[in-house]
Amino acid sequence: MGIKDWVVPQDKVFFDLFDRMAATVVSAADLLVDLVENFEDVKEQCRQMKQIEHQGDEISHEIYEQLNRTFITPLEPEEISRLASALDDILDYIDGTAQQMYSYGITETDDSMVQLAKLIQLSVVEIEKAVNGIRTIKNPSLIEERCIEVNRLENVADNVLGHAIMDLFKTNDAITIIKLKDIYENLEMATDKCEDVANVLSDIAIRHS
């Protein structure tokens with residue numbers, strides 16, 4: 001790397017990496033929806049999910065590597081680090097919950113799982129659009145609108161989780177209760193992580209507008 005590459009802000013590199021990371025998160029959410037809607041060949045679907053999660057890890061590593069060797073960055077280094085970490089957290093929860101379904105030996109999914117997975121999917125689509133928008137931040141209000149929608153979807157997920165657990169505790173199978181409660185809570189936690197990303201993006205839009 002020459003002195004010019006070290007000094008000049010690497011705008012394109014960082015934003016390209018974040019676009020790739022956001023697209024990877026969307027791919028994981030799409031696969032999650034497919035998993036809960038078509039709960040067949042779960043082992044293979046979990047293998048595919050793990051591959052997507054590894055791709056996300058590689059992109060995160062590239063972001064941190066680029067951050068470590070770039071003197072002037074298009075965003076604050078802390079913002080870059082927070083955004084990379086928050087996006088990776090979504091991936092970890094999506095992958096972790098999918099693997100959990102397989103390891104717990106769940107034989108079928110239910111409407112609550114489908115609803116939560118779709119809320120994750122809707123959230124990450126909004127996140128991808130917001131991430132694409134930070135490249136120029138010509139209209140910060142559009143990014144903020146995406147972030148507000150992610151926050152709204154997280155509130156919906158809270159309600160879905162609450163009703164799912166209420167219904168679950170009306171049953172008598174303790175082991176099933178434990179398994180499903182874990183899965184519901186981790187799916188909802190993924191929407192919390194989406195909200196974390198939205199908060200980072202909102203801060204970036206405000207600071208750089």
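Residues numbered from 1 in each chain as written. Predicted model: local features only at pLDDT ≥ 70, side-chain atom pairs only at ≥ 80, totals over all residues. Heavy atoms only, no water.

## Comments concerning the overall build of the chain
Counting its regular elements, the chain contains seven helices and zero strands. Starting at the N terminus and walking to the C terminus, you meet the elements of the chain as α-α-α-α-α-α-α. Since a compact globule built from 209 residues should have a radius of gyration of about 17 Å, the 18 Å found for the chain is in line with a globular shape. Projected onto its principal axes, the C-alpha coordinates of the chain cover approximately 65 × 35 × 20 Å. Partitioning the contacts of the chain with sequence separation of at least 6, the portion at a separation of at least 24 is 85%. Of the accessible surface of the chain, which amounts to about 10,300 Å², a share of 51% is contributed by carbon and sulfur atoms. A distance of 4 Å separates the average location of the 19 positive side-chain charges in the chain from that of its 41 negative side-chain charges. (Helix = DSSP H or I, 4+ residues; strand = E, 2+ residues; numbered from the N terminus. Rg over C-alpha atoms; globule rule 2.2 N^0.38 Å. Contact = heavy atoms within 4.5 Å. Areas by Shrake-Rupley, 256 points an atom, 1.4 Å probe, with all protein chains shown as cover. Lys, Arg positive; Asp, Glu negative; His and termini not counted. Charge placed at Lys NZ, Arg CZ, Asp CG, Glu CD.)

## Quick look at the side chain of Thr97
With respect to the secondary-structure elements, Thr97 resides in helix 4 (residues 77-103). With relative accessibility at 1%, the residue Thr97 sits in the buried group. Setting aside chain neighbours within four positions, we find Thr97 in contact with Ile183, Asn186 and Leu187. (Buried < 20%, exposed > 50% of the residue type's maximum accessible area, 1.4 Å probe, protein only.)

## Things to note about helix 3 (residues 42-68)
Every α-helix winds through 3.6 residues per turn, so residues three or four apart in the chain are directed the same way. The end-to-end C-alpha distance of helix 3, which contains 27 residues, comes to 39 Å, matching closely the 39 Å that a straight helix rising 1.5 Å per residue would cover. Along helix 3, the residues that are buried comprise Val42, Gln45, Cys46, Met49, Ile52, Glu53, Gly56, Ile59, Ser60, Ile63, Gln66 and Leu67. (Expected span 1.5 Å × (residues − 1).)

## A word on the packing of helix 4 against helix 5 (residues 111-133)
Two numbers describe a pair of packed helices, the interaxial angle and the distance between the axes. Axis separation between helix 4 and helix 5 bottoms out at 12 Å; the angle between their running directions is 160 degrees. In terms of axis orientation, helix 4 runs roughly antiparallel to helix 5. Regarding helix 4 and helix 5, the two cross each other, and that crossing is left-handed. For the pair helix 4 and helix 5, contact is made by Leu87, Ile90, Ile94 and Met101 and by Met113, Ile120, Val124 and Ile127, respectively. Along the lines of polarity and charge, the residues of the contact of helix 4 with helix 5 split into eight nonpolar, no polar and no charged. (Axes fitted to C-alpha atoms, helices over the stretch in contact; angles between N-to-C directions. Parallel < 35°, antiparallel > 145°, perpendicular 65-115°, else oblique. Left-handed = near helix turned anticlockwise from the far one by under 90°. Nonpolar A, V, L, I, M, F, W, Y, C, P; charged D, E, K, R; others polar.)

## Structural notes on the confidence of the model for the chain
As a note on interpretation, predicted positions should not be read in detail where pLDDT is low. On average, residues of the chain score 93 in pLDDT, and 95% of them reach the 70 mark or higher. In this model, residues 1-9 is a region of pLDDT below 50 whose contacts with residues beyond four sequence positions or in other chains number 13 contacts. (pLDDT = per-residue confidence, 0-100.)

## Some details on the environment of Asp89
Assignment of secondary structure puts Asp89 in helix 4. Along the primary structure Asp89 and Asp196 are separated by 107 residues, whereas in three dimensions their C-alpha atoms are 9.3 Å apart.

## Re the state of the cysteines
All told, the structure shown has zero disulfides when counted by the stated rule. Cys194 supplies the cysteine sulfur nearest to Cys147, a cysteine that is in no disulfide, at a spacing of 11 Å. Owing to a relative accessible area of 3%, Cys147 belongs among the buried residues under this scheme. Look at Cys194 and you get buried, because its relative accessible area is 0%. (Disulfide = S-S within 2.5 Å.)

## Section: the side chain of Ser60
Mapped onto the secondary structure, Ser60 falls in helix 3. Given a relative accessible area of 6%, Ser60 falls into the buried group. The contact partners of Ser60, leaving out residues within four places of it in the chain, are Met21, Ala84 and Asp88.

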